[in-house]
Amino acid sequence: MTSFLRPMVALALSLALLLSGCSENDRPLDSPVRLEGAIFGSFYQVTIADSLTQGQARELEEGLREVLEQVDASMSIYREDAELIAFNQSPVGEWQPLSNELIEVLAISQSVAESSNGAFDVTIGGLVNLWSFGSEARPREVPDDETLKARLAEVGPDSIEVDENAMQARRLRDVFVDLGGVAKGHGTDRVAAYLDGEGIEHYLVNLGGDLIARGYRDADGEPWRIGIEAPLDDRQEATQIVPVHDISIATSGDYRNYFEEEGRRFSHTIDPRTGRPIEHRVASVTVAHPSNAWADAWATAMLVLGEEESMDLAREQDLKVLLLVREGEGWRSVASPAFAERFGGELSEEMNLEVR
C-alpha cells in the first residue's frame, strides 16, 4: 500500500505544480508592460501597450535578449569573440565574409560618411582609443601631436571597402573599425523588427536613449511621449516632452562623456577630419528617421559638423533634425524645416524653435 501511495502523491503534486504554472503563465498583465535590463554597457527598456499574459511577456523578454545578444556578438569592440574584432584583426587587403547585419551597418556608415564629407567615419577607432574613450586602457590625457598625426593618417572612409552583393568587406589600411555611432541604433531597429514579427503593435523601445515608437500608449490613442534631454553635465532633465508616433529618434550629445585638462574640456566626440574632439557650441543633435541606425549615424555626423554645416546638410537630405546650441548659461533650439513640419507649429512655439 505504501509503495503505491507515494507515486500517487508525487503525481498529484506534479499536476498541482503544472496547473499552477499554467495559470501563472495565463495571468493577464496590467498595461503597459515594461521589460528592461542592461546591454552594450548601457540599458534597454521596452514598454508594451498590447494585452499580454505573464507567459507572453516572459517569451518576449527572452526573445529580445537573444536579439540584443546577437547584435553585441557581432558589433562589440569589447568582446574578443565578436565578429567586428575578427574583422579588425584580419589581414589588410583580404576580403572577409561578414554577417548580413554587419554588412548592412557598414553600408549605412559608408553612405553617411560620403554624404557628410567624412564627418562620420567608423574607421576612427584608433583615434577614439588614443583619446582614451575607446576599448584601449589608456589614461585620460591629451595625446602628443606625433602619435595623433600617425593615427589620423590611417583614418578615412576609403580605408575600408564593402561589397554588399557578395556580403564581404576588407580593410585597405590597418584601421580599427568602431561602430559606436551606429550599432546602438541598429540594435534598436532589430528589437523593433522582432516585436513587429511577434505581432506587437503598440510599443516604445528605448536602447540607451535611442528610441522607436509604434502605435499608441493606451486604448484612447494617446501618443507615446519622450523627453528631449537638456544638455546638462550634472543631471538628466528634459527640456521638452515630445509626442511621437511610428517613428524612431536618436540623439548624440557631448555633455556626458568628456575629460578636462588644464581647464580645457575634451569631448568624446572626435572629428575624423582633424583627429581631435569637437569644440563648437552644439551640445546635442536629435534626428528623427524611419530607421534608428540611420538616425544614429546622422546624429553623430551632425554633432561633428556643428550648427551651420549640419543645418545645410539637413535641408539637403530633407532630414528631421533638432540642435541644442549652447548660448551663455543656457541654450537655444534650432530645427530643420522637416523637423518643424513633423512635430507641428504648436510644439515649435512651446520649444521656441528657430527653424533654419
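See above for the structure.
The model shown is predicted, which means the values in this text are computed figures rather than measured ones.

Points about the overall build of the protein chain
No. 1: When you go through the protein chain residue by residue, the secondary structure sums to 10 helices and 18 strands.
No. 2: Counting across all 356 residues of the protein chain, residues that qualify as buried make up 48%.
No. 3: Looking at the protein chain alone, contacts between residues at least 24 apart form 60% of all its contacts between residues at least 6 apart.
No. 4: Put simply, the protein chain shows about 17300 Å² of open surface, and 48% of that area lies on carbon and sulfur atoms.

Side note on the packing of aromatic side chains
No. 1: One pass over the full model with this rule turns up 1 aromatic pair.
No. 2: Centroid distance F339 to F343: 4.6 Å. Interplanar angle 45°. Geometry classified as tilted. Pair noted here: F339 and F343 are both in helix α10 (residues 337-350), with a separation of 4 residues, about one helical turn. In this pair, the class of F339 matches that of F343, namely buried.
No. 3: It is R342 that lies over the ring of F343; its NZ or CZ is 5.3 Å from the centre.

Focus: the sheet that holds strand β5 (residues 168-171)
No. 1: If you trace the 3 strands from one edge of the open sheet to the other, you get β3-β5-β4, paired in antiparallel fashion. Each edge of the open sheet carries a strand with a single partner, namely β3 (96-97) and β4 (160-163).
No. 2: The pairing of β3 with β5 spans 2 bridges and is antiparallel. Residue pairing in the sheet places P97 in a bridge with Q168 of β5.
No. 3: Sitting on the sheet, helix α4 (residues 100-115) is in contact with β4 and β5, with an inclination near 120° to β4.

Points about the packing of α4 against helix α8 (residues 292-305)
No. 1: Following both chains from N to C, one finds α4 and α8 inclined at 35°, their axes separated by 10 Å at the closest point. Along this stretch, α4 crosses α8, giving a crossing that reads as right-handed. The residues of α8 that touch α4, namely those facing I108, S111, V112 and S115, are A293, W294, A297, W298 and A301.

Focus: the layout of surface pockets
No. 1: In this structure, the second largest pocket occupies an estimated 200 Å³ of space.
No. 2: In this structure, the second largest pocket is lined by 13 residues; those nearest its centre are G126, E154, D174, V175 and F176.
No. 3: When residues of the lining of the second largest pocket are traced back to their parent elements, those giving at least two are α5 (125-130) and α6 (145-154).
No. 4: For the lining of the second largest pocket, the element with the highest residue contribution is α5, accounting for 3 residues.
No. 5: For the lining of the second largest pocket, the per-class residue count stands at 4 nonpolar, 4 polar and 5 charged.

Here we look at the pairing of strand β2 (residues 42-48)
No. 1: Where strand β1 (residues 33-39) meets β2, 7 bridges bridge the pair, whose relative direction is antiparallel. Directly across from L35, in β2, lies its bridge partner V46.
No. 2: Linking β1 to β2, which pair antiparallel, is a turn of 2 residues; within it F40 sits at a positive phi near 55°.
No. 3: Note that β2 and strand β6 (residues 203-207) share 5 bridges and pair antiparallel.

Things to note about the pattern of salt bridges
No. 1: All told, the structure shown has 19 salt bridges when counted by the stated rule.
No. 2: Among the salt bridges present, the one from E307 reaches R332, with a minimum N-O distance of 2.8 Å. Of this pair, E307 sits in helix α9 (residues 307-317) while R332 sits in strand β17 (residues 330-335), placing them 25 residues apart in sequence. The burial state of E307 is the same as that of R332; both residues are buried.
No. 3: E308 is the salt-bridge partner of R356, the closest N and O atoms lying 2.7 Å from each other. In this pair, R356 is assigned in the segment after β18 (354-355) and E308 in helix α9, connecting sequence segments 48 residues apart.
No. 4: Using a relative accessible area of 24% as the deciding quantity, one classes R356 as partly exposed.
No. 5: One salt-bridge network, held together by shared partners, links E307, E308, E327, R332, E354 and R356.

The rules behind these values
Residues numbered from 1 in each chain as written. Predicted model: local features only at pLDDT ≥ 70, side-chain atom pairs only at ≥ 80, totals over all residues. Heavy atoms only, no water. Helix = DSSP H or I, 4+ residues; strand = E, 2+ residues; numbered from the N terminus. Buried < 20%, exposed > 50% of the residue type's maximum accessible area, 1.4 Å probe, protein only. Contact = heavy atoms within 4.5 Å. Areas by Shrake-Rupley, 256 points an atom, 1.4 Å probe, with all protein chains shown as cover. Phe/Tyr/Trp six-rings, centres within 6.5 Å; stacked < 30°, edge-to-face > 60°. Lys NZ or Arg CZ within 6 Å of the ring centre and 35° of its normal. Pairing = 2+ DSSP bridges. Axes fitted to C-alpha atoms, helices over the stretch in contact; angles between N-to-C directions. Left-handed = near helix turned anticlockwise from the far one by under 90°. 1 Å grid on protein atoms, 1.4 Å probe; cavity = no way out; pocket = protein on both sides within 12 Å on 5 of 7 lines; lining within 4 Å. Points joined across faces, edges and corners; volume = space filled by probe spheres on them. Nonpolar A, V, L, I, M, F, W, Y, C, P; charged D, E, K, R; others polar. Salt bridge = Lys/Arg side-chain N within 4 Å of Asp/Glu carboxyl O.

By themselves, these are just geometric observations and shouldn't be taken as functional.
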